[in-house]
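# Examination of the molecular architecture
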Amino acid sequence: MAAQVEHLKWIQGTNFMVDGFNFQSPRCRSYFLTHFHSDHTTGLRKNFCGGVIYCSEITAVLLRKDMGMPPERIIPLPMDEPLEIDGVTVTLIDANHCPGSCMFLFQLPYKAASPSSPRVILHVGDMRWHPRLGRHPALRAVKVDLLYLDTTYASPKHVFPCQEDAIAEIVRLMRKERPGTLFVVGSYHIGKERAFLGAAKALGWKVWCNANKKKTMKMLRLPEADMALLTTVQTSAQIHVTFMGQGLQPEALEQRISGSKWSHVVAFRPTGWSFRKSGGLDVRKEGNVTIYGIPYSEHSSFLELRDCVRTLRPSRIIPTVNVTNDPATARAIVDRFADLMDLSRDKSRLDVYFKPKARKAQQRLLAYIAASRGLSCKRAADMSPPAQLAKKQLSIAGFLKRKVCA
DNA sequence: GCGATCAGCT
DNA sequence: CACAGCTGATCGC
């Protein structure tokens, strides 16, 4: 979850906001949306009037047809084409996260930036890094000063295979099942499409999804051949697509095959969190229901993050995910992350912010910082009671920044 | 009472 | 724990 913290949304030195629709300001008339997931559209409604919204063409279709936003507020931008907005050169680069997702590369004019402030800024939104991104002409042409990074898996324990291998694993598991088995693949409103389409393609099977999901998928400009795999007639498909939440509960799966021609149901939960270091399968069996966790991820693994940072060599990084967590995660970002990413401490800095109203997490983070920087826990706890922390957001953020980056 | 926001859960 | 997104509680009007 991208934390709802204003510092992570403003692009420094500009009047631009990225995925920050809940932070309206007269200073900002230009909003940028990286992709159409609800935690990035927080504060955005169809009658949003904070300013114009720049996004990819696919995201623009979703804003119009799925959210019902009037087209005149939306400015769809093509990928890979530098354009000037308010004197800043903006380039959209595919973020390899979900359909329509993009990163924004901002290049500020020299005159606007003071020598110490960043001139080249990359906000990745949510991203799955791939070595090919390091060869992208727009990225090769610049030296990134400031990188807003999707640090969802910013710890060395998060290793998982590429998507192709994760899909191959789904296919292998489907092939070895007995006849009469229905397969169910979990999905989000947008996302995980390659997991079920890839498996269906490999096996030559049809995919059922409900009418809503099909309607959404029509907006994603998927290849004709992929769309042809879809059917809304349940009995003609051996693979069903369902929402990752309730749809993958054993009771819901049981329900799905009760009274049907299927005797068993095997479901797949495609998420990076399901990776097992032991190499063993993440599997849950209950009667005629089997649920596999598949390490199919739409965020970068730790090694991919490291490759990203080593390729781009940014002067500074602002983590946008996982900044609200417990002491162990804070340590991962502040210490281990910096070490393993091979950043030189004098030239690079990691800014750590926290969610103003995440009271428990906030207190734990303060306690951790106090402990690790030689302050007493008591002192940190005494600084402000939780209710006042929200009001003191700026000064506390400053405190954290000084302490963590010292 | 309503919409917005948030913690908690999966 | 996190993902994305739902639910129910709480806040402000």
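One can find the structure itself at the top, above this paragraph.
If you're wondering where the values come from, they're calculated on a predicted model, not measured in any experiment.

Let's shift gears to the pairing of strand β6 (residues 88–94). In terms of burial, β6 is a largely internal element, 5 of the 7 residues being buried. Across 3 bridges, strand β5 (residues 83–85) lies against β6 in antiparallel orientation. Across the sheet, Leu 83 pairs through a bridge with Val 90, a residue of β6. Hairpin connection from β5 to β6: 2 residues lie between these consecutive antiparallel strands, with Asp 86 at a positive phi of about 50°. Here β6 pairs with strand β7 (residues 102–107) via 6 bridges, running antiparallel. Within the sheet, the bridge partner assigned to Val 90 lies in β7 and is Phe 106.

Mapped onto the elements of the fold, Gly 204 is located in the loop between α4 (193–203) and β11 (207–208). The exposure class of Gly 204 is exposed, given its relative accessible area of 64%. Residues Gly 204 and Lys 215, spaced 11 residues apart in sequence, show a C-alpha to C-alpha distance of 22 Å.

Moving on, we get to the sheet that holds strand β3 (residues 52–56). The strand order across the open sheet built from 4 strands is β1-β2-β3-β4, with neighbouring strands paired in parallel fashion. Whereas interior strands pair on both sides, the edge strands pair on one side only; in this sheet they are β1 (16–18) and β4 (74–77). For this sheet, the mean inter-axis angle between neighbouring strands, taken without regard to orientation, is 25°. Examined bridge by bridge, β1 and strand β2 (residues 30–32) share 3 bridges and lie parallel to one another. Its bridge partner lying in β2, Met 17 is registered against Tyr 31. Across the sheet, helix α1 (residues 57–67) is in contact with β3 and β4; its angle to β3 comes to roughly 125°.

It is worth spelling out the pattern of salt bridges at this point. Under the definition given, this model contains 6 salt bridges. One salt bridge connects Arg 178 with Glu 177, and the closest N-O pair in it is separated by 3.9 Å. In this structure Arg 178 comes out as partly exposed when scored by relative accessible area, which is 45%.

Judged by nonpolar contacts, the single largest core of 51 residues is most densely connected at Leu 44, Ile 53, Leu 63, Met 174, Met 217, Phe 268 and Ile 294. Secondary-structure elements contributing two or more residues to this core are β3, α1, α3 (163–175), β10 (181–187), α4, β13 (239–243), β14 (264–270) and β16 (289–294). In contact with Phe 268, other than residues within four places in its own chain, are Ile 170, Leu 173, Met 174, Phe 183, Val 184, Val 185, Gly 186, Leu 248, Tyr 292 and Ile 294. Among the nonpolar cores identified, the runner-up in size contains 22 residues, and Leu 105, Met 127, Ala 138 and Leu 305 belong to it.

As a further point, take the sheet that holds strand β15 (residues 282–286). Read from one edge of the open sheet, 7 strands run β12-β11-β13-β10-β14-β16-β15, paired in mixed fashion. In the strand order of this sheet, the two ends are held by β12 (230–231) and β15, each with one partner. As judged from the 5 bridges shared by β10 and β14, these two strands associate in the parallel manner. Residue Phe 183 lies in a different strand from β14, and its bridge partner there is Val 266.

On to the pairing of β16. The buried fraction of β16 amounts to 6 of the 6 residues, a majority that puts the element mostly inside the structure. Burial along β16 is two-sided: Val 289, Ile 291 and Gly 293 facing one way and Thr 290, Tyr 292 and Ile 294 facing the other are all buried. Pairing between β14 and β16: 6 bridges, direction parallel. Across the sheet, Pro 270 pairs through a bridge with Ile 294, a residue of β16. Examined bridge by bridge, β15 and β16 share 5 bridges and lie antiparallel to one another.

What the second largest pocket holds in volume is close to 490 Å³. Lining of the second largest pocket is provided by 27 residues; of these, Cys 98, Pro 99, Gly 100, Arg 194 and Leu 222 occupy positions nearest its centre. For the lining of the second largest pocket, the elements supplying multiple residues, two or more each, are α1 and α4. Counting residues per element, the lining of the second largest pocket draws most heavily on α4, which supplies 5 residues. Looking at side-chain class alone, the lining of the second largest pocket contains 12 nonpolar, 6 polar and 9 charged residues.

Right, let's get into a positive patch on the surface. Taken together, the side chains of Arg 132, Arg 135, Arg 140 and Arg 194 define a basic patch exposed on the protein surface. Tracing the chain through its elements places Arg 140 in helix α2 (residues 137–140). Residue class for Arg 140 comes out exposed when judged on its relative accessible area of 59%.

Right, let's get into the packing of aromatic side chains. Enumeration over the complete set of coordinates arrives at 14 aromatic pairs. Relative to Phe 48, the ring of Tyr 31 has its centre 5.1 Å away and its plane inclined at 85°; by these criteria the two rings are edge-to-face. Remark: Phe 48 occurs in the loop between β2 and β3 and Tyr 31 occurs in strand β2; sequence separation between them is 17 residues. Accessibility classification places Tyr 31 together with Phe 48 in one group, the buried group. Three or more aromatic residues joined by ring pairs form one cluster here, namely Phe 16, Phe 32, Tyr 54, Phe 104 and Phe 106. Positioned above the aromatic ring of Tyr 110 is the side chain of Arg 119, whose terminal nitrogen or guanidinium carbon lies 3.9 Å from the ring centre.

Calculation criteria
- Residues numbered from 1 in each chain as written.
- Chains lettered and ligands numbered in written order.
- Predicted model: local features only at pLDDT ≥ 70, side-chain atom pairs only at ≥ 80, totals over all residues.
- Heavy atoms only, no water.
- Buried < 20%, exposed > 50% of the residue type's maximum accessible area, 1.4 Å probe, protein only.
- Helix = DSSP H or I, 4+ residues; strand = E, 2+ residues; numbered from the N terminus.
- Pairing = 2+ DSSP bridges.
- Axes fitted to C-alpha atoms, helices over the stretch in contact; angles between N-to-C directions.
- Contact = heavy atoms within 4.5 Å.
- Salt bridge = Lys/Arg side-chain N within 4 Å of Asp/Glu carboxyl O.
- Core = buried A, V, L, I, M, F, W, Y, C linked by side-chain atoms within 4.5 Å.
- 1 Å grid on protein atoms, 1.4 Å probe; cavity = no way out; pocket = protein on both sides within 12 Å on 5 of 7 lines; lining within 4 Å.
- Points joined across faces, edges and corners; volume = space filled by probe spheres on them.
- Nonpolar A, V, L, I, M, F, W, Y, C, P; charged D, E, K, R; others polar.
- Patch = residues over 30% accessible without salt bridge, like charges linked within 9 Å, V, L, I, M, F, W, Y side chains within 5 Å.
- Areas by Shrake-Rupley, 256 points an atom, 1.4 Å probe, with all protein chains shown as cover.
- Lys, Arg positive; Asp, Glu negative; His and termini not counted.
- Charge placed at Lys NZ, Arg CZ, Asp CG, Glu CD.
- Phe/Tyr/Trp six-rings, centres within 6.5 Å; stacked < 30°, edge-to-face > 60°.
- Lys NZ or Arg CZ within 6 Å of the ring centre and 35° of its normal.

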